[in-house]
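# Descriptive analysis of the structure
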Amino acid sequence: KREGRNRVEVFTAAMGAALVDRARMTADLAQAIENDELRMVYQPLVDTGRGIVIGAEALMRWQSPTRGNVRPDEFIPIAEESGQIIELGDWAIRQVVQQAVEWDVTGRDLKIGVNVSGLQLRPAFVETVRDLLAQSGLEPARLILELTESGLVDDDHRISLIGLLRDLGVTVAIDDFGTGYSSLSYLRRLPIDILKIDRSFINELHDQRNAAVAKTIIDLTRTLSLDCVAEGIETEEQLSQLQALGCQSVQGYLFAKPMEAQELMAFVAGFGATAVLG
Ligand code: C2E
Ligand code: MG
Ligand code: MG
Ligand code: MG
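Rules of the game
- Per chain, residues are indexed from 1 in the order of the written sequence.
- Whichever chain is written first is A, and whichever ligand is written first is 1; the rest continue in order.
- A pLDDT threshold of at least 70 governs which residues receive local features in this predicted model, and a stricter bar of 80 or more applies before side-chain atom pairs are shown or counted, although totals over entire chains, interfaces and linings include all residues.
- With hydrogens and water stripped out, all remaining heavy atoms of the structure feed into the side-chain values.
- Salt bridges are defined by distance alone: a side-chain nitrogen of Lys or Arg within 4 Å of a carboxyl oxygen of Asp or Glu.
- Per the convention used, a helix needs a DSSP run of H or I reaching at least four residues, while a strand needs a run of E reaching at least two, with both numbered from the N terminus.
- Only protein chains enter the area calculation, which uses a 1.4 Å probe; residues under 20% of their type maximum are buried, those over 50% are exposed, and those in between are partly exposed.
- Working definition: a ring pair exists when centres of Phe, Tyr or Trp rings (six-membered ring for Trp) sit within 6.5 Å. Plane angles under 30 degrees give stacked, over 60 give edge-to-face, the rest tilted.
- Over a ring means this: the NZ of a Lys or the CZ of an Arg is within 6 Å of the ring centre and within 35 degrees of the ring normal.
- Water is not part of the atom set, so a site may look incomplete; the donors themselves are N, O and S atoms within 2.8 Å of the metal, or 3.2 Å for Na, K and Ca.

## Examining the pattern of salt bridges
Applying the stated criterion across every chain yields a total of 17 salt bridges. For R22, the salt bridge goes to E81, with nearest N and O atoms at 2.4 Å. Of this pair, R22 sits in helix α1 (residues 2-34) while E81 sits in helix α2 (residues 72-82); the two residues are 59 residues apart in sequence, bridging distant segments of the chain. For E81, a relative accessible area of 56% puts it in the exposed group. The residue R130 makes a salt bridge to E127 at a minimum N-O spacing of 3.2 Å. With R130 and E127 both in helix α4 (residues 123-136) and three residues apart, this pair spans about one turn of that helix.

Here's what the structure looks like:
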């Protein structure tokens, strides 16, 4: 009994420390937007069939004066817990739409993806997207909203909001596909355009079981008339495997890591038939 009690105390202390950490992170994050500590970087999306860059995914970066570079995998979950994701997400989509319009003057109609947390799926977000599209004149289909399965599962309200977004003409992608719990019947009901195969399957494509999962997802996109994007391509072997399976749109370090906005145009221009695509 006594041991049990001690154990409870230890657990409580650890929890307390975690709570303090989270509270500090939340406070720092509140300063981040105001003090311009956030920025978006862009990872090229390549069409291997045509050998060109067709778009980019925007990824958030936080350069904190006290913490240094904080990874989104660390701060996005905290922002989701605190509710700050609403403000961060709003800021992100404004940045991204503005950036897409700036790139328009170069005459390249790049698609531009932005990650959207399930918690952002509220009527106000639909209004924000509607307003941004109207103000900017951006062709709606060029804006890709990336949602994860976990943000959607069994939530009819969110699914109907995705329908409203899609009615605006934007493109909707399910990110990290294969890691969530989507049932096939549920997937069929979702108003979406793209499945992004999770990096974990691409990572281990040499493993037959992972290759089989990747193939199944690619076949599924064909059956459901969706587009397929593979993320996390690091080797030429992975690339040729995916090409053989019929997935043409890819992202990964093999082509480029996420880069600053001002670097992307030079990358796009210089891409052409690079060595990698043969
Ligand atoms: P994600 O949307 O699935 O983004 C892909 C992640 O894989 C990015 O990590 C990207 O830098 C990384 N990646 C791309 N190619 C490769 C590769 O070849 N090898 C490896 N090892 N990694 C690769 P990042 O930028 O750290 O973002 C992590 C996650 O944080 C994202 O996963 C997304 O879920 C979330 N996130 C990032 N920015 C935002 C944002 O603005 N809003 C929201 N809600 N979430 C975001
Ligand atoms: Mg994404
Ligand atoms: Mg992903
Ligand atoms: Mg992810």
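And the narrative resumes.
## Structural notes on the packing of aromatic side chains
Inspection of every chain in the model, using the stated rule, returns four aromatic pairs. Ring centres 5.7 Å apart and planes at 40 degrees place the aromatic pair F267 and F271 in the tilted group. Of this pair, F267 and F271 both sit in helix α10 (residues 261-271), four residues apart, which is roughly one turn of that helix. A cation over an aromatic ring shows up here: K257 above the ring of Y253, its NZ or CZ 4.8 Å from the ring centre.

## Quick look at the coordination of the magnesium ion (ligand 3)
For the magnesium ion (ligand 3), every protein donor is listed as D175 (OD), D176 (OD), E231 (OE) and E231 (OE), and the spread of their distances is 2.0 to 2.7 Å. All donors to the magnesium ion (ligand 3) come from one chain, and their sequence spacing reads D-D-x54-E. Here the magnesium ion (ligand 3) and the magnesium ion (ligand 2) are spaced 4.2 Å apart, with D175 acting as a shared donor. You can see D175 sitting in strand β6 (residues 171-177) and its partner E231 sitting in strand β8 (residues 227-231), a full 56 residues away along the chain. The residues D175 and E231 share a single accessibility class, namely buried.

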